[in-house]
Amino acid sequence: MLMNYLLILLVCLVGNQCSETANHPGHLKPFGSSGPYLQIETVNDLPTKIFFSNYVKPKRAVLMKNFVNQFPAFVKWNDQYLNDNSYTSPDYKVLLETSKKETRNQETISLPLHDFLLIYNTSQLYMVNEVPPYIKKDVVLPQPLQCAQAPSVLEETIMWFSSGGTSSVTHTDDYENILCVFDGIKELVLVDYFKHKKAADMIIDQHKGAYSSMDVDKVDYEKFPLIKELEYYRFNLSAGDCLYIPYKWVHQVRSYGRNLAINFWFNYERIFGNDEFGQECSDNKLDLSKTLDTLTYGPVEDNFFYNFKIFIMRQVNLGNRKIDQWISLVLGEKELNDEKKELSIEMLNEMFSLMDFDGNGLLSDDEVIDLNENSIEHILGILNEVESIIYEDSDQNEDPEDEDELDESLDEENLREEL
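Nothing here was measured: the structure is a model prediction, and the numbers come from that model. (Residues numbered from 1 in each chain as written. Predicted model: local features only at pLDDT ≥ 70, side-chain atom pairs only at ≥ 80, totals over all residues. Heavy atoms only, no water.)

J.: Got a minute to help me understand the nonpolar core in this structure?
T.: Nonpolar side chains in soluble globular proteins tend to be buried together. F51, F52, W77, F161 and I178 are the most contacted members of the largest nonpolar core, which has 51 residues in total. With sequence-adjacent residues up to four places away left out, I178 is seen in contact with F51, M64, P142, L145, C242, L243, Y244, I262, N263, F264 and F266. Counting 31 residues, the second-largest nonpolar core is a separate cluster that includes F311, F352, L363 and V368. (Core = buried A, V, L, I, M, F, W, Y, C linked by side-chain atoms within 4.5 Å. Buried < 20%, exposed > 50% of the residue type's maximum accessible area, 1.4 Å probe, protein only. Contact = heavy atoms within 4.5 Å.)

J.: Can you help me understand the confidence of the model for the chain in this one?
T.: Confidence in the prediction for the chain averages 90 pLDDT; 89% of positions are at 70 or higher. In this model residues 393–419 is a low-confidence stretch, pLDDT under 50, and it forms 62 contacts with partners more than four residues away in sequence or in other chains. (pLDDT = per-residue confidence, 0-100.)

J.: Just to check I follow, could you spell out the pairing of strand β7 (residues 154–162) for this structure?
T.: The two faces of the sheet receive side chains in turn, since in a regular strand these alternate between them. Burial analysis of β7 places seven of its nine residues in the buried class, which makes it a mostly covered element. Where strand β6 (residues 126–130) lies against β7, four bridges are found, and the strand directions are antiparallel. Within β7, the residue paired with V128 across the bridge is W160. For β7 and strand β11 (residues 250–266), the ladder comprises eight bridges, and the chain directions are antiparallel. Each residue of the ladder has a partner; that of L154, found in β11, is F266. (Helix = DSSP H or I, 4+ residues; strand = E, 2+ residues; numbered from the N terminus. Pairing = 2+ DSSP bridges.)

J.: Would you mind going over the state of the cysteines with me for this structure?
T.: Disulfides are covalent bonds that link the sulfur atoms of two cysteine residues. Tallied over the full model, the rule gives two disulfides. The side chain of C147 participates in a disulfide bridge whose partner is C281; the two sulfur atoms lie 2.1 Å from each other. Residues C147 and C281 are joined through a disulfide that is left-handed, its torsion about the S-S bond being -80 degrees. Here C147 is found in the loop between β6 and β7, whereas its partner C281 is found in the loop between β11 and α8 (304–317), with 134 residues between them in sequence. The class of C281 is buried, set by a relative accessible area of 0%. Between the sulfur of C180 and that of C242 lies a disulfide, 2.1 Å long from S to S. With the S-S dihedral at roughly 110 degrees, the linkage between C180 and C242 falls on the right-handed side. Of the two residues, C180 is situated in strand β8 (residues 176–191) and C242 in strand β10 (residues 242–245); the sequence distance between them amounts to 62 residues. (Disulfide = S-S within 2.5 Å.)

J.: Could you clarify how one ought to interpret a negative patch on the surface in this entry?
T.: A cluster of acidic residues, D338, E339, E342, E346, E350 and E385, forms a negative patch on the protein surface. Broken down by element, the residue count for the negative patch peaks at five residues, all from helix α10 (residues 338–355). Within the secondary structure layout, E342 lies in helix α10. (Patch = residues over 30% accessible without salt bridge, like charges linked within 9 Å, V, L, I, M, F, W, Y side chains within 5 Å. Areas by Shrake-Rupley, 256 points an atom, 1.4 Å probe, with all protein chains shown as cover. Salt bridge = Lys/Arg side-chain N within 4 Å of Asp/Glu carboxyl O. Lys, Arg positive; Asp, Glu negative; His and termini not counted. Charge placed at Lys NZ, Arg CZ, Asp CG, Glu CD.)

J.: I would appreciate a short explanation of α10 in the present structure.
T.: Helical geometry: 3.6 residues make up each α-helical turn, so side chains three or four residues apart lie on a common side. For α10, spanning 18 residues, the distance from its first C-alpha to its last is 26 Å, which sits close to the expected 26 Å at 1.5 Å a residue. Sitting at the amino-terminal end of α10 is N337, which places a side-chain oxygen 3.2 Å from the backbone nitrogen of E339. (Expected span 1.5 Å × (residues − 1). Polar contact = N/O pair within 3.5 Å; in protein donor to acceptor, adjacent residues only side chain to side chain.)

J.: Mind showing me how you'd approach the side chain of S168 here?
T.: Along the chain, S168 turns up in the loop between β7 and β8. Apart from residues no more than four positions distant in its own chain, S168 is found in contact with E102, V216, Q252 and V253.

J.: So what exactly am I meant to see when it comes to the packing of aromatic side chains here?
T.: Centre-to-centre distance and the angle between the planes together describe a pair of aromatic rings. One pass over the structure, following the stated rule, counts 22 aromatic pairs. Between W77 and F182, the ring centres sit 5.9 Å apart and the planes meet at 35 degrees, which makes this aromatic pair tilted. Taken as a pair, W77 in the loop between α4 (72–76) and α5 (79–86) and F182 in strand β8 lie far apart in primary sequence, 105 residues in all. With respect to burial, W77 and F182 carry one shared label: buried. Put simply, the rings of F51, F52, Y244, F266, Y268 and F277 touch in pairs and so form one group of aromatic residues. Of note, K248 hangs over the ring of Y193, and the distance from its end group to the ring centre comes to 4.5 Å. Just above the ring of Y247 sits the side chain of R314; from NZ or CZ to the centre is 4.2 Å. (Phe/Tyr/Trp six-rings, centres within 6.5 Å; stacked < 30°, edge-to-face > 60°. Lys NZ or Arg CZ within 6 Å of the ring centre and 35° of its normal.)

This is how it looks when you write it as structure tokens:
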């Protein structure tokens, strides 16, 4: 985007930063290869209450050792077993990416799992698909998501299957994520978004899809100069292990050997206002009967008002409870003349008052829960007007593509397109 390139040019010109970045030991090397590195916290047991209070709420990653070793899938999922089960639903096809080095515009194909098994060892094909229904009986909900209301947060369970040698783009997820490895090794590079927000926002330059255009094998520090400020978590996830990746954390993944993993995407906002767990969830153990085939889950589709309310809940969970935080969230660092800025702030104050029922200047959980469709429609109308003001003011100076960038955080669930 034009504004991003202008920012990069400015950084280069002030203080001769370009020469610094060109000489950085990580320049034109794989993402995260130069450090500095932080130690990932590791646990061997993680009851539900501790998981949500110590990790999900404060957005802290955690490595869970040997968490799926007892799952039937961990023992059973060799090629022969998967092949035999695939024939129980011969018409069911899985989605396959056609290049092991991920690009978001690559071609995909669909084949029955048994056909994929015949060729995956000698091809670039990479299965990325919801866990097929005929093997959901083998996958247990991870321990941290089992107690009380916790299972209701589950959104999707995606199965990643290849012969190894894959590498993802650098990206963020739309949901909270528990990634579990059943075979092979995954190498993870993580960056705490909330600690490195400015640099992370520069890196994640493709807002639709929330990923970076960088070459993960040859990172250009001159294009992404703020990357030199990052601290990384870099480690291997072995068969049997799981990793909690908080929402918005930047990450990049590589795989080695026959590689089989599942990510359990979950939406914390589904229990918004009901996220306190009883004492029984302080020491709950893994219940092997809670398999995916016994659960009803999935994203709520075609319900725009519900999805936008989830977006508001998510912002409140991230600490955006005051009007100045919402002004910053929406306007970001956009350059507006005084008149347009004053008008935008006035409209955002009106928007905030629609959520702040008691007028105390602080959004409570109950106030967000009580938002109805009429209020949400009014809020959307105000945001749409603010967007018009922003781009009316910047039409002369910015690339039209920047119209997708009112603020990346407003692109939740494709809300930018809806607005």
